[in-house]
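Secondary and tertiary structure notes
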Amino acid sequence: MNIPERATKEQIDTMTDTEGNIRVSSVPGSGKTFVLTYRIAYLITEMFVEPSSIVALTFTNKAAAQMKHRLRDIVGDNANCFTGTFHGYCNMFLKEEIHRMSFPKTFTILDKKAELDMIKNVAEDMGISLKDNTAKKIMSDIDMSKHDMSYVELMSGIDKTELKRKASNEKNVDRKVFYNYLKRQCDNYALDFEDLINFTLYILEKNEDVRIRWQEKCQYVLCDEYQDVNMKQDMLLGILSGLYQNLFVVGDDDQSIYRFRGARPEIMLNFRKDYPKSGQVLLNDNFRSTTQIVEAAGRVIARNKTRFPKNIIARGGDGALVRSLEFPDQQQECTYILREIQNWQARGGSLRQVAVIYRTNTQPRVVIQKLMEYNLPFRVRDQVPNL
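Residues numbered from 1 in each chain as written. Predicted model: local features only at pLDDT ≥ 70, side-chain atom pairs only at ≥ 80, totals over all residues. Heavy atoms only, no water.

Notes on the packing of aromatic side chains
The final tally for this structure, using the stated rule, is 12 aromatic pairs. Ring geometry for Tyr151 against Phe178: centres 6.4 Å apart, planes inclined by 70 degrees, an arrangement best described as edge-to-face. Pair noted here: Tyr151 is in helix α7 (residues 151-155) and Phe178 is in helix α9 (residues 173-188), with a separation of 27 residues, a long-range link. Since its relative accessible area comes to 4%, Phe178 is described here as buried. Above the face of the Phe107 ring, Lys95 is positioned so that its terminal group lies 4.7 Å from the ring centre. Over the aromatic face of Trp214 sits the side chain of Lys217, whose NZ or CZ is 3.9 Å from the ring centroid. (Phe/Tyr/Trp six-rings, centres within 6.5 Å; stacked < 30°, edge-to-face > 60°. Helix = DSSP H or I, 4+ residues; strand = E, 2+ residues; numbered from the N terminus. Buried < 20%, exposed > 50% of the residue type's maximum accessible area, 1.4 Å probe, protein only. Lys NZ or Arg CZ within 6 Å of the ring centre and 35° of its normal.)

Some remarks on the sheet that holds strand β1 (residues 22-26)
If you trace the 6 strands from one edge of the open sheet to the other, you get β3-β2-β6-β7-β1-β8, paired in parallel fashion. This sheet does not close on itself; its edge strands, each paired only once, are β3 (82-85) and β8 (279-283). Each neighbouring strand pair of the sheet contributes to a mean axis angle of 15 degrees, computed without reference to strand direction. Sheet topology places strand β6 (residues 220-223) next to strand β7 (residues 247-251); 3 bridges connect them, and they run parallel. Residue Val221 lies in a different strand from β7, and its bridge partner there is Leu247. Its contacts with the sheet place helix α3 (residues 61-75) against β2 (54-58) and β3, and it is angled at close to 160 degrees to β3. (Pairing = 2+ DSSP bridges. Axes fitted to C-alpha atoms, helices over the stretch in contact; angles between N-to-C directions. Contact = heavy atoms within 4.5 Å.)

A word on helix α15 (residues 291-301)
Every buried residue of α15 is listed here: Gln292, Val294 and Ala296. On its buried face, α15 sits against β9 (285-286) and β10 (313-314).

Side note on the pattern of salt bridges
Under the definition given, this model contains 24 salt bridges. With its nearest N and O atoms 3.0 Å apart, the salt bridge here joins Glu340 to Arg323. Remark: Arg323 occurs in the loop between β10 and α16 (330-346) and Glu340 occurs in helix α16; sequence separation between them is 17 residues. Given the relative accessible area of 57%, Arg323 is considered exposed. The structure contains a network of salt bridges with shared partners spanning Asp252, Asp253, Asp254, Arg307 and Lys310. (Salt bridge = Lys/Arg side-chain N within 4 Å of Asp/Glu carboxyl O.)

Quick notes on helix α6 (residues 132-145)
With 14 residues, α6 extends 20 Å between its outermost C-alpha atoms, agreeing within 8% with the 20 Å of an ideal straight helix rising 1.5 Å per residue. Within α6, the full set of buried residues consists of Ala135, Ile138, Met139, Ile142 and Asp143. Along the axis of α6, the buried residues cluster in a sector spanning 140 degrees; they form a single face. In α6, the exposed positions that point more than 90 degrees away from the buried face belong to Asn133, Lys137 and Met144. Tucked into the core, α6 has its buried residues touching α5 (112-125), α9 and α10 (193-206). (Expected span 1.5 Å × (residues − 1). Arc of directions from axis to C-beta.)

Observations concerning the pairing of β2
Taken across its 5 residues, β2 has 5 buried, putting it largely inside the fold. Alternating positions in β2 separate into two faces, Ile54, Ala56 and Thr58 on one and Val55 and Leu57 on the other, with burial throughout. As judged from the 4 bridges shared by β2 and β6, these two strands associate in the parallel manner. When the bridges of β6 are listed, Val55 appears paired with Val221.

A few points about the packing of α5 against α9
Close contact between α5 and α9 brings their axes to 9 Å; oriented N to C, the two are set at 115 degrees. By the angle between their directions, the pair α5 and α9 is classed as roughly perpendicular. Where α5 crosses over α9, the two elements pack in a sense that is right-handed. Facing Glu115, Met118, Ile119, Asn121, Val122 and Asp125 of α5, the residues of α9 in contact are Val177, Asn180, Tyr181, Arg184, Gln185 and Asn188. Across the contact of α5 with α9, the residue classes tally to 5 nonpolar, 4 polar and 3 charged. (Parallel < 35°, antiparallel > 145°, perpendicular 65-115°, else oblique. Left-handed = near helix turned anticlockwise from the far one by under 90°. Nonpolar A, V, L, I, M, F, W, Y, C, P; charged D, E, K, R; others polar.)

So, in structure tokens, the structure goes:
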């Protein structure tokens, strides 16, 4: 395998130091996906590791597809290791092992719409009519309740007597809906997204033979965007890598954005405590951004109280100063943005090089109105899959 000449010494060392538990703290633009992909390729082509014994986990189908594509470009048909999301891996696991819960391997996975419909049907059978907003609130409460894995015991095995008793006798309406929803899931052999990892962990923890067999399959376990794992995902990584102790995680604690979904960036910060003999790597060269952008971002993020201190080195050269402006209202803010775009266009700039980024999908209405008013062509990208 030929490692590209652009790879730095730190990147090459990270690709080729294959053994043991390793945490890589990777700043933005430092090539972490490049390193992760070539590390897998190195294991396959230089260490002759069986691809099926390599598991690479990430958070979105898009990221997984990109990694697969890059890996295929390097190693060709040998790129048949598991590269996918945590949900995807748990789905694959349960196809083989869910019979231990007295579910068939042809179980159904409920998307959010199907989950919402099932909740409405359950409530209707209980004599409760739910509006969409109320049903969505109950769905959110159910997802929150499933953070506690104790419910899985109620759904396991052939005998569902305890679950039926709770569904029948529970006095609290919300809890009664919850238990009847679990019962309906069992009746239909249907799992929601929370169940995928919960059932997987339950089976691995309760069945030593299963745990050992799957650990034997996982000689090398890699995780991208480690700063966004939650406790259960981290538990899964620990179990799968428990035999060979070759867990490779890469991320940037400063980029953790999914705490509202249970992400715990402190898991990455405490990696050395959980794995005392683990190695540590810092990739602190940013090849994407200019010095001005890196310095401005660094001054903002330095205010975070719990983080790895980093000295980010900008390799993108010099650039324009970063400007921060405040406006009394959104109308004036949007007017300024549009005039800046017009000025850019008047200087010969292409509109394809202009992006307006907003924090929530409720914000662009005024921007869109202004773009139409100024007769400027645009495209709205308001749907990002798997986020």
